[in-house]
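Summary of the model geometry
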Protein chains: 2
Amino acid sequence: MIAVDWGTSSARAYRLAPDGAVLARREGADGILRVPAGGFPAALVEMVGDWLAAGETRVLLSGMVGSRQGWQEAPYLGCPAGLSELAGAVVPVPFDGASVRLVPGLSAEDAAGTPEVMRGEEVQILGALAHADEDGLMCLPGSHAKWVRVVRGRIAGFTTSMTGEAFAALKDHTILGRMMTGRAEVGPAFEAGVARAAEAGGLLHHLFGTRTLGLFGRLAPEESASYLSGLLIGHDVAAALAEPAQVLLVGSGPLMALYGRAIALAGGEAIAGDPDAAARGLALIGERIQWA
Amino acid sequence: MIAVDWGTSSARAYRLAPDGAVLARREGADGILRVPAGGFPAALVEMVGDWLAAGETRVLLSGMVGSRQGWQEAPYLGCPAGLSELAGAVVPVPFDGASVRLVPGLSAEDAAGTPEVMRGEEVQILGALAHADEDGLMCLPGSHAKWVRVVRGRIAGFTTSMTGEAFAALKDHTILGRMMTGRAEVGPAFEAGVARAAEAGGLLHHLFGTRTLGLFGRLAPEESASYLSGLLIGHDVAAALAEPAQVLLVGSGPLMALYGRAIALAGGEAIAGDPDAAARGLALIGERIQWA
């Protein structure tokens, strides 16, 4: 089977053995925003045409490719949902020479009734579980970080925090960025930001401290991005962890270490999930699909 | 006396009678960012040269004109500080034909020891007090909103929230702005945002609801900016008002109504301060200066 985690700005394609093992992987050049209307069959051929020519006849796609801006809309499936529910709700799209299916995204409501959505993360979440009937709390750091409750191997509910996108907007488009050099990394400045997030005053007040600490020489320009990141991730973790808990962290890149440290500072325990969780999730869903 | 509230992007000049009455007022074209190095004497003449020619010999300036980027730096004065302390700390600058003084800004520390600064707001705050020995809580909405504790007519301490600048950055530089038309105003969408801010989950999570409520048709594009504003101002007010209190609101423009409504929804009482507070504060400081 061919599995593609096809997002807004990038795509990752996997060729999978019948047992789910990854035989080959590649980065596709085009996220869905760069594919013209009607251009998805051609973009798929460009990405994995050689695997198709080699005889693969099943293609499973997840992520924003199933949104209104993608190949075709695969309507959100409500939580709770697991592998079987997702497999039963895949949407076929017309394609010559192979069976192509879109995995739907998930919707939920938070405790106050505000809607939540995800597209793509659901396959990473289910692929990251070590056991099919696992319980637990998971976090997927990113522009829109997801905090996910898994109950008996199904996604029971989740919340989204705009932590990554807020960081970028504040860094690049407010006065805070003027005194900033370098990037966010784990260290004393990041930890000071996380500690500050646990104090009274609220995030909007804490943000201004990034500037005043710089003005008074208590935060160097090269520490400033780390402090701001600590503030935001600290607030994110504090809101999501009502009490110290074990958190399965799923994803890749520098945010993993930052979230891991902030969770530890909040008294929790972060466990790094499988970086190939998307491939594994798509393999597990693929096994459950009626392809015929 | 001539009084000028001279900020980063604009300037407001007042010609004051000996009793502090405003005889004339005008908007200066140039905030300090548009004045070239060494160009402040000429910029002052351009703004109020006719009043100087008519015989005014005392000029009192407040705001960012006293910052490192301004005419000359007037170092921050520590809180607590009132009219007398500010009058005693004004900084003279060389100018032909008149005595020109800069009012310093104020610094403070919040409860956790993080530094705070203001420049210009201190004269508005002291000018807005009805009685010289007043106690109270004040709020100056803006890009960097100030919450100020006044004790016996002196500024005892204050905190800054980046509420206005965060709103602009999130609206103009994140996905939240894509579905937004129109501007923030008091109404049901703003009030829904304020109510949401009182719920669990934290600001970074609440922000994402602006998008999902739009996606699910529960928030119209023309309501979206008001909801986002309600979220941010609601979080700001909730953090600043530990318990319902009377708040003297100082400033002008649309933010006054938004903050007034959010304070009322939090159980507080907002009272609109004098819109000419800056002129009055400069007059009161001017009376206490040793001009000779």
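Described below are features of the structure shown in this document. (Residues numbered from 1 in each chain as written. Chains lettered and ligands numbered in written order. Predicted model: local features only at pLDDT ≥ 70, side-chain atom pairs only at ≥ 80, totals over all residues. Heavy atoms only, no water.)

**Examining the overall build of chain A**
The cut-off we apply is this: Each helix is a run of DSSP H or I of at least 4 residues and each strand a run of E of at least 2, with the numbering of both proceeding from the N terminus. The globule rule is 2.2 Å times the number of residues to the power 0.38, and the radius of gyration it is compared with is taken over C-alpha atoms. Remark: exposure states derive from per-residue accessible area (1.4 Å probe, protein chains only) relative to the maximum for the residue type, with buried under 20%, exposed over 50%, and partly exposed in between.
Secondary structure summary: chain A contains nine helices and 14 strands in total. In terms of C-alpha radius of gyration, chain A reaches 20 Å, essentially the compact-globule figure of 19 Å for 292 residues. Reported as C-alpha extents along the three principal axes, the dimensions of chain A are approximately 65 × 40 × 35 Å. Looking at the 292 residues of chain A, the share that counts as buried comes to 55%.

**What about the environment of Phe190 of chain A?**
Residue and element names in this part refer to chain A. For clarity, the threshold we go by: Whether two residues touch is decided by their heavy atoms; if any such pair falls within 4.5 Å, the residues are in contact.
Residue placement: Phe190 occurs in helix α5 (residues 188-197). The spacing of Phe190 and Gly230 is 40 residues in sequence and 4.5 Å in space, taken between C-alpha atoms. Residues in contact with Phe190, not counting those within four places in the same chain, are Glu185, Ser226, Tyr227, Ser229, Gly230, Ile233, Leu258, Arg261 and Ala262.

**Some thoughts on the sheet that holds strand β7 (residues 99-102) of chain A**
Residue and element names in this part refer to chain A. Let me state the cut-off plainly: We call two strands paired when DSSP finds no fewer than two bridges between them. Simply put, an axis is a line fit to the C-alpha atoms, just over the touching stretch for a helix, and the angle between two N-to-C directions goes from 0 to 180 degrees.
Ordered by their spatial adjacency, six strands build an open sheet running β3-β2-β1-β4-β7-β6, and the pairing between neighbours is mixed. Every other strand in the sheet has two partners, leaving β3 (22-28) and β6 (91-93) as the edge strands with one partner each. Shown here is a sheet whose adjacent strand axes are inclined to one another by a mean of 25°, direction ignored. Helix α1 (residues 40-53) contacts β1 (2-6), β2 (11-16), β3, β4 (58-62) and β7 of the sheet and is inclined by roughly 140° relative to β1.

**Thoughts on unusual backbone geometry**
All names here are of chain A. Residue Cys79 is joined to Pro80 through a cis peptide bond whose omega torsion reads 0°. Its place among the elements puts Pro80 in the loop between β5 (77-78) and α2 (83-88). Despite not being glycine, Arg152 has its phi angle at roughly 50°, a positive value. Tracing the backbone through its elements, the reader meets Arg152 in the loop between β11 (145-151) and β12 (154-161).

**With respect to the interface of chain A and chain B**
Rule in force here: Two parts lose some accessible area (1.4 Å probe) when they are put together, and adding that loss for both gives the buried area. Polar contacts, as counted here, are pairs of nitrogen or oxygen atoms within 3.5 Å of one another; within protein the pair requires one atom able to donate a hydrogen and one able to accept it, and residues that are adjacent in sequence qualify only if both atoms are side-chain atoms. For this classification, Asp, Glu, Lys and Arg are treated as charged, while Ala, Val, Leu, Ile, Met, Phe, Trp, Tyr, Cys and Pro are nonpolar and the rest, including Gly, are polar.
Contacts between chain A and chain B engage 45 residues on the former and 45 residues on the latter. Taking both partners together, chain A and chain B bury about 3600 Å²; carbon and sulfur atoms supply 71% of that area. Contact with chain B buries surface across chain A, with Met162, Leu204 and Phe208 of chain A losing the most and accounting together for 20% of the total. There are 17 residue pairs in polar contact (both at pLDDT 80 or more) connecting chain A and chain B. Mapped by element, the contributors of at least two residues to the side of chain A that touches chain B are β8 (106-109), β9 (115-118), β12, α4 (163-173), α6 (203-215) and α7 (221-240) of chain A. The biggest single contributor to the side of chain A that touches chain B is α6 of chain A, with nine residues. In terms of residue class, the side of chain A that touches chain B is made up of 19 nonpolar, 16 polar and 10 charged.

All quantities given are derived from atomic positions and should not be read as evidence of function.
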